[in-house]
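A structural walkthrough
This is what each chain is made of:
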Amino acid sequence: MKLLVTGGAGYVGSVCAARLLEAGHEVVVVDDLSTGHADAVPNGCKFVEADIAEAAGDLLAESFDGVLHFAAKSLVGESMQDPFKYWQGNVVTSLRLLEAVREHGTPRLVFSSTAATYGEPDVVPIPETAATRPTNTYGASKLAIDHAISSYASAHGLAATSLRYFNVAGAHQGFGERHTVETHLIPIVLQVALGQREQVQIFGDDWPTEDGTCVRDYIHVTDLADAHLLALEHATPGEHRIYNLGNGTGFSVEQVIDTCRKVTGHPIPALVAPRRAGDPATLVASSERARSALSWQPKHADLEVIVRDAWEFTRARHQS
Ligand code: UDP
């Protein structure tokens with residue numbers, strides 16, 4: 001298939017672009033490099049540096065078999081302080097992309113949605129049928145896009161899939177996480193192990209969880225990328241399907257830090273800090289629907305493997 005990948009210079013987008021190439025697809029990446037890196041775009045992709053909202057119409061006029069839409073603002077804390085950036089950067093940009101998809105009759109869309117659309121869950125592990133009550137603007141903006149996609153699927157026959165990622169981590173064949181401003185737990189802890197930070201802050205130890213720190217479901221980025229390939233294969237015109245992607249096992253912030261200590265051999269000092277605005281206590285996926293409907297099977301579910309791959313990537317970049 002000929003596929004347009006928005007945000008293919010970012011972490012998940014670049015890994016998925018690499019996996020799409022490995023599977024024999026033709027890939028065009030569009031990215032404005034606001035947070036991505038040109039050298040993260042895999043060799044073999046055509047790369048267009050442009051604002052997605054502005055460029056989508058012209059790009060899709062070339063006739064694509066599908067769009068994988070990764071480009072987004074994705075920081076929970078920032079979304080609470082600067083909501084315009086999220087409503088504009090996520091919702092408005094995605095609507096412009098959807099309009100280009102409709103105008104040019106692009107048949108398939110796979111969208112990077114998020115566990116943050118659910119908010120504080122009533123049921124754990126969280127199924128796709130759970131109530132969506134986001135606790136932060138990031139999650140609300142992604143949920144709004146999910147709703148827009150449903151409307152486009154039913155009105156215009158789009159074969160659409162939203163993949164709701166839980167906590168993506170790890171690295172794939174030299175492609176990994178390297179945000180200019182890092183806010184995610186595992187990369188921050190690994191920066192401590194590299195000596196780039198003195199300590200990691202634990203955002204709250206009085207949450208209603210076993211050890212008092214927040215619980216998240218960490219999924220290896222290679223497993224996540226594989227789900228995108230399957231979503232493309234299983235897409236049905238006029239339907240918008242939603243799948244959670246996680247391992248179904250939760251790890252607390254303390255447990256993640258301990259695993260990083262084990263993998264890196266570094267003591268990793270940690271300090272308890274106040275809670276972060278917008279964080280739910282526990283987010284763990286039920287991915288039963290993806291497993292049964294897409295035959296998706298995570299192959300790297302062990303947290304130690306996820307951290308080890310992230311550590312190898314981080315250390316290799318640090319040394320080069
Ligand atoms: N977290 C933390 N210290 C940090 C970064 C994150 O305690 O320096 C916590 C955060 O509050 C959340 C978990 O680690 O409970 C995962 O956060 P992350 O930002 O990696 O992903 P999110 O769950 O927000 O998508």
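Here is what the cut-offs are and how they apply
Residues numbered from 1 in each chain as written. Predicted model: local features only at pLDDT ≥ 70, side-chain atom pairs only at ≥ 80, totals over all residues. Heavy atoms only, no water. Helix = DSSP H or I, 4+ residues; strand = E, 2+ residues; numbered from the N terminus. Expected span 1.5 Å × (residues − 1). Buried < 20%, exposed > 50% of the residue type's maximum accessible area, 1.4 Å probe, protein only. Contact = heavy atoms within 4.5 Å. Polar contact = N/O pair within 3.5 Å; in protein donor to acceptor, adjacent residues only side chain to side chain. Near = heavy atom within 4 Å. Areas by Shrake-Rupley, 256 points an atom, 1.4 Å probe, with all protein chains shown as cover. Nonpolar A, V, L, I, M, F, W, Y, C, P; charged D, E, K, R; others polar. Salt bridge = Lys/Arg side-chain N within 4 Å of Asp/Glu carboxyl O. Pairing = 2+ DSSP bridges. Patch = residues over 30% accessible without salt bridge, like charges linked within 9 Å, V, L, I, M, F, W, Y side chains within 5 Å. Lys, Arg positive; Asp, Glu negative; His and termini not counted. Charge placed at Lys NZ, Arg CZ, Asp CG, Glu CD. Axes fitted to C-alpha atoms, helices over the stretch in contact; angles between N-to-C directions. Parallel < 35°, antiparallel > 145°, perpendicular 65-115°, else oblique. Left-handed = near helix turned anticlockwise from the far one by under 90°. Disulfide = S-S within 2.5 Å. Right-handed = clockwise from strand over helix to strand, strands pointing away. Core = buried A, V, L, I, M, F, W, Y, C linked by side-chain atoms within 4.5 Å.

This part is about helix H10 (residues 303–319). Between its first and last C-alpha atoms H10 spans 24 Å; for 17 residues at 1.5 Å apiece the expected length is 24 Å, and the two agree. Of all the positions in H10, only Leu303, Ile306, Val307, Asp309, Ala310, Trp311, Phe313 and Thr314 are classed as buried. For H10, the elements touching its buried residues are strand E7 (167–169), helix H6 (185–193), strand E10 (218–220), strand E12 (251–252) and helix H8 (253–264). At the N-terminal boundary of H10, the capping side chain belongs to Asp302, with an oxygen 3.0 Å from the backbone nitrogen of Glu304.

The local shell around the ligand holds 15 residues, among which Leu185, Gln201, Arg216, Arg276 and Asp279 are the closest. Residue Phe203 places a main-chain N or O atom 2.9 Å away from an oxygen atom belonging to the ligand. The contact in question runs from an oxygen atom of the ligand to an N or O atom on the side chain of Asp279, over 2.5 Å. Across the complex, the protein chains shield 90% of the 510 Å² of accessible surface that the ligand would expose by itself. When residues of the shell around the ligand are traced back to their parent elements, those giving at least two are H6 and strand E8 (200–203). Residue composition of the shell around the ligand, grouped by class: 8 nonpolar, 4 polar and 3 charged.

Two side chains bearing opposite charge may form a pair once their charged atoms approach each other closely. Within this structure, the stated rule accounts for 18 salt bridges. Glu62 is the salt-bridge partner of Lys46, the closest N and O atoms lying 3.9 Å from each other. Of this pair, Lys46 sits in strand E3 (residues 46–49) while Glu62 sits in the loop between helix H2 (52–60) and strand E4 (66–69), placing them 16 residues apart in sequence. Judged by its relative accessible area of 37%, Glu62 is partly exposed. In this structure, the salt-bridge partner of Asp226 is Lys299, at a minimum N-O distance of 3.7 Å.

Turning next to the sheet that holds strand E14 (residues 282–283). Ordered by their spatial adjacency, 3 strands build an open sheet running E12-E9-E14, and the pairing between neighbours is mixed. A single partner strand is all that each edge strand has here, and the edge strands are E12 and E14. Pairing between strand E9 (residues 215–216) and E12: 2 bridges, direction antiparallel. Residue pairing across strands places Val215 opposite Ser252, the latter belonging to E12.

Before going further, it helps to examine a negative patch on the surface. Together, Asp32, Glu49, Asp51 and Glu54 give the surface a local cluster of negative charge. Relative to the helices and strands, Asp32 is located in the loop between strand E2 (26–31) and E3.

Take the packing of H6 against H8 next. Here H6 crosses H8 at 40°, and the two axes come no closer than 10 Å. In terms of orientation, H6 and H8 fall into the oblique class. Here H6 and H8 pass one another in a crossing that is right-handed. Taken together, the residues of H8 that come into contact with H6 (itself represented by Leu185, Ile186, Val189, Leu190 and Ala193) are Val253, Val256, Ile257, Cys260 and Thr264. When its residues are assigned to classes, the contact of H6 with H8 shows 9 nonpolar, 1 polar and no charged.

This structure, assessed with the given rule, holds 0 disulfides. Sulfur of Cys16: no disulfide; nearest cysteine sulfur belongs to Cys45 and is 11 Å away.

A word on the pairing of strand E6 (residues 159–165). Buried residues dominate E6, accounting for 7 of its 7 residues. On E6, burial covers both faces: Ala159, Thr161, Leu163 and Tyr165 on one face and Ala160, Ser162 and Arg164 on the other are all buried. Note: strand E5 (residues 108–114) against E6, 7 bridges, orientation parallel. Directly across from Phe111, in E6, lies its bridge partner Ser162. Taken together, E5, helix H5 (residues 137–156) and E6 constitute a β-α-β crossover, and its handedness is right-handed. Bridge count for E6 against strand E11 (residues 240–245) is 6 bridges, and the pairing is parallel. Residue Tyr165 lies in a different strand from E11, and its bridge partner there is Leu245.

Counting residues in each nonpolar core, the largest one holds 35 residues, and the members touching the most others are Val12, Leu20, Leu68, Tyr165, Val168, Leu245 and Trp296. If you list the elements that add at least two residues to this core, you get strand E1 (2–6), helix H1 (11–22), E2, E6, helix H7 (221–234) and E11. A total of 8 residues in this core trace back to one element, the largest contributor, which is H7. Excluding residues within four positions of it along the chain, Leu68 makes contact with Leu3, Leu4, Val5, Thr6, Leu20, Val110, His228 and Leu232. If you look at the next biggest cluster of nonpolar residues, it comprises 27 residues, including Val30, Val48, Val101 and Ile145.

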